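Structure at a glance
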Amino acid sequence: MSIFEENIRQLDSYVPGPEPPLREPERQLWFLKETRRLVSSRAAEAGRKLTANVHTFGCQMNERDSEKIRGILLAAGYELTDGEDADLCLYNTCTVRENANMKVYGRLGLLGNYKKKNPSMIIALCGCMMQEPTAEAKVKESYPFVDLIFGTHNLYRFAELLYRVLSGEGPVCEIWESTDEVVEELPAQRTYPFKSGVNIMYGCNNFCTYCIVPYVRGRERSRTPEDILRECESLAADGVKEIMLLGQNVNSYGKTLEDPVSFAELLRRVNEVEGIGRIRFMTSHPKDLSDELILAMRDCDKVCGHLHLPLQSGSDALLKKMNRHYTREDYLRLTDRLRSAMPDLSLTTDLIVGFPGETEQDIQDTLDIVRRVGYDTAFTFIYSKRSGTPAAKMPDQIPEDVVKDRFGRLLAVVQETGRERSSRFTGRVMPVLAEHVNEQDPSLITGRLDCNLTVHFKGDPSLVGEITDVRLTECRGFYYLGERAAVKE
Ligand code: SAH
Ligand code: SF4
Ligand code: F3S
């Protein structure tokens, strides 16, 4: 039985006392039960089930948080919908780049219109952007119809906060600056039945000078290996085949635990969980990637042959200004070590163009290292000034037209290298996790290789959620066509 079902069962048989308990997560169960009562009386008034919509901006960390929010909404009696004209609409926000914020503001206007038609609609905002005092102030001033605002540290208190809104307290806003707590065991509703993210740590201590994440997610906190393994086991029992271990810098996992455990050791232990077929992880900081981890990746059969290893820049001068703690030579040596241990390994990366002070030589250095490493894919970002970060105050911010030109050139090289690399598995038989029936051609199943590339192959819908061997017959740019293979080569 999944943690979700277990909690819901607990909720059915749970008789709330007169006062909410002080301990967590018991306190949230108390509020969940009370929230369920309020939702059911609103539904009776409306003569229908209440609907809720959760929209996620940002990274896998936020996606996972949204699954927890959906778990609570379902347990409270809401029906989840895709439309934003729901009885409750929640945006889980991101603030890593300015355009993430702009998207939220743009769409909030739309939500205001829905609320005019349905005045009892609840509009809620949470996530990284809400941890910024300027964003919080702007929402309160320009979008007064927002009923609930909370941040990243108190997400586990969603049931309680929702209860306060539903019981008519008026707009509720609760944002914490930080927390030491990691509250577990609340329900989560997975987006995919067969794959799931698993948080192994929260926060970040690295303070790369361009990045706002440490300010909005707080200091590094690791979950204990026991909690992580228990969650993986219960996901496996619930049919999950692929898990992605999540943290801003998984390579520094476990350092702050009472009994320190390395990420490599954790990986070896997760690899033992029966039923799990694939393990991914994200994100690895190059400065902390140990040889111990390279060996663990090589030895653990379930760990995917794919590593996301953000480079950010190929210029030593910029890497220093970015506070990344490695040089281009360090990075190249690291990728050499990785490739000699795992020749098939797919490497992907993140790159920033237009960091303050960036010169033509800096971008040439980046283009050079991209060609040398040979990434399967790279996510290229235009530097976005985040107020409060050291880089925002650096001189020589780069003019937009220069950045656009450099960005275009980098993208061209990234795509060229990616296309060349993608076809290297043609003719091989490889395991594929079947993810869904192909939308255009229902006789095809669409799945994913462990290097993350997509494969389309003839197959029965019953394969969805299973890992099956597929011969990769043809590479078409960034995806493969294949056919099921009886025996693995
Ligand atoms: N913790 C991860 C990255 C999290 S943010 C890591 O260190 O690898 C994801 C990516 O967003 C970063 O790798 C970086 O390339 C990009 N990014 C972060 N801040 C940015 C900014 N201010 N402007 C542009 N891109 C940024
Ligand atoms: Fe941001 Fe750097 Fe932390 Fe990644 S490691 S979240 S880029 S500060
Ligand atoms: Fe965005 Fe927060 Fe992730 S700022 S990238 S959602 S950690």
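Here is what the cut-offs are and how they apply
- Residues numbered from 1 in each chain as written.
- Chains lettered and ligands numbered in written order.
- Predicted model: local features only at pLDDT ≥ 70, side-chain atom pairs only at ≥ 80, totals over all residues.
- Heavy atoms only, no water.
- Core = buried A, V, L, I, M, F, W, Y, C linked by side-chain atoms within 4.5 Å.
- Buried < 20%, exposed > 50% of the residue type's maximum accessible area, 1.4 Å probe, protein only.
- Contact = heavy atoms within 4.5 Å.
- Pairing = 2+ DSSP bridges.
- Helix = DSSP H or I, 4+ residues; strand = E, 2+ residues; numbered from the N terminus.
- Axes fitted to C-alpha atoms, helices over the stretch in contact; angles between N-to-C directions.
- Near = heavy atom within 4 Å.
- Polar contact = N/O pair within 3.5 Å; in protein donor to acceptor, adjacent residues only side chain to side chain.
- Areas by Shrake-Rupley, 256 points an atom, 1.4 Å probe, with all protein chains shown as cover.
- Nonpolar A, V, L, I, M, F, W, Y, C, P; charged D, E, K, R; others polar.
- Left-handed = near helix turned anticlockwise from the far one by under 90°.
- Salt bridge = Lys/Arg side-chain N within 4 Å of Asp/Glu carboxyl O.

What follows deals with the nonpolar core. Judged by nonpolar contacts, the single largest core of 58 residues is most densely connected at I243, L245, F263 and L338. Residue contacts for I243: discarding those within four places in its chain leaves S196, V198, C232, L235, V270, I276, R278, I279 and R280. In this structure, L29, L38, I69 and V165 belong to the second largest nonpolar core, which totals 34 residues.

Here we come to the sheet that holds strand β19 (residues 479-484). In sheet architecture, strand pairing relies on hydrogen bonds along the backbone and comes in two forms, parallel and antiparallel. With mixed pairing, the five strands of this closed barrel are ordered in space as β15-β16-β17-β19-β18. Strand after strand, the sheet turns through a mean of 50 degrees between neighbouring axes, direction not considered. In terms of strand pairing, strand β15 (residues 429-437) meets strand β16 (residues 444-449) through five bridges, oriented antiparallel. Counted as the bridge partner of H436 is T446 from β16.

What follows concerns the site of ligand 1. In the neighbourhood of ligand 1, 15 residues make up the surrounding shell, with Q248, P310, Q312, D350 and S384 lying closest. At 2.7 Å from an oxygen atom of ligand 1 is found a side-chain nitrogen or oxygen belonging to D350. Between ligand 1 and S384, the relevant distance is 2.8 Å, taken from a nitrogen atom to a main-chain nitrogen or oxygen of the residue. In the complex, 89% of the free accessible area of ligand 1, which totals 540 Å², lies under the protein chains. When contributions to the shell around ligand 1 are tallied by element, the ones reaching two or more residues are β13 (346-353) and β14 (377-382). Looking at side-chain class alone, the shell around ligand 1 contains seven nonpolar, four polar and four charged residues.

A few words on the site of ligand 3. Inspection of the region around ligand 3 gives G58, C59, N62, C94, T95, V96, C128, R217 and Q248 as its neighbouring residues. Residues that form the shell around ligand 3 fall into these classes: four nonpolar, four polar and one charged.

In contact at an axis separation of 8 Å, helix α2 (residues 26-46) and helix α6 (residues 158-166) are set at 35 degrees when each is read in the N-to-C sense. Handedness of the crossing formed by α2 with α6: left-handed. Taken together, the residues of α6 that come into contact with α2 (itself represented by R27, Q28, F31, L32, E34, T35, L38, V39 and R42) are F158, A159, E160, L162, Y163 and L166.

Moving on: the sheet that holds strand β6 (residues 172-174). One open sheet holds the six strands; their spatial order is β2-β1-β3-β4-β5-β6, and the pairing between them is parallel. On the outer flanks of this sheet lie β2 (79-80) and β6, each paired with one strand and no other. Relative to strand β4 (residues 122-127), strand β3 (residues 88-93) runs parallel, the two being bridged by six bridges. The residue of β4 that forms the bridge with N92 is C126. Along the sheet, α6 makes contact with β3, β4, β5 (148-150) and β6, crossing β5 at roughly 155 degrees.

As a further point, take the pairing of β15. Where β15 meets strand β18 (residues 467-476), five bridges bridge the pair, whose relative direction is antiparallel. Within the sheet, the bridge partner assigned to M430 lies in β18 and is V470. Turn length for the β15-β16 hairpin, with the two strands adjacent in sequence and antiparallel, is six residues.

Moving on, we get to unusual backbone geometry. Looking along the chain, the bond that leaves E24 and enters P25 is cis, with omega of 0 degrees. A cis amide bond links M282 to the next residue, T283, at an omega of 5 degrees. With respect to the helices and strands, T283 occurs in the loop between β11 (278-282) and α10 (291-299). Phi at D396 is positive, roughly 60 degrees, even though this residue is not glycine. Residue position: D396 is located in the loop between β14 and α14 (400-422). Of the residues examined, D396 reaches a relative accessible area of 55% and is grouped as exposed. Even without being glycine, N452 reaches a positive phi, approximately 90 degrees. Within the secondary structure, N452 sits in the loop between β16 and β17 (454-458).

Taken as a whole and assessed by the stated rule, the structure comprises 42 salt bridges. For E231, the salt bridge identified is with R223, shortest N-O distance 2.7 Å. We classify E231 as buried; its relative accessible area is 10%. By relative accessible area, which is 4% here, R223 ends up buried. Between R409 and D405 there is a salt bridge, with its nearest N and O atoms 3.1 Å apart. You can see R409 and its partner D405 sitting in helix α14, four residues apart, about one turn around the helix. Classification of D405 as partly exposed rests on a relative accessible area of 43%. Taken together, the shared-partner salt bridges connect R27, R157, E160, R164, E169 and E174 into one network.

Coordinates in, geometry out; function isn't part of it.
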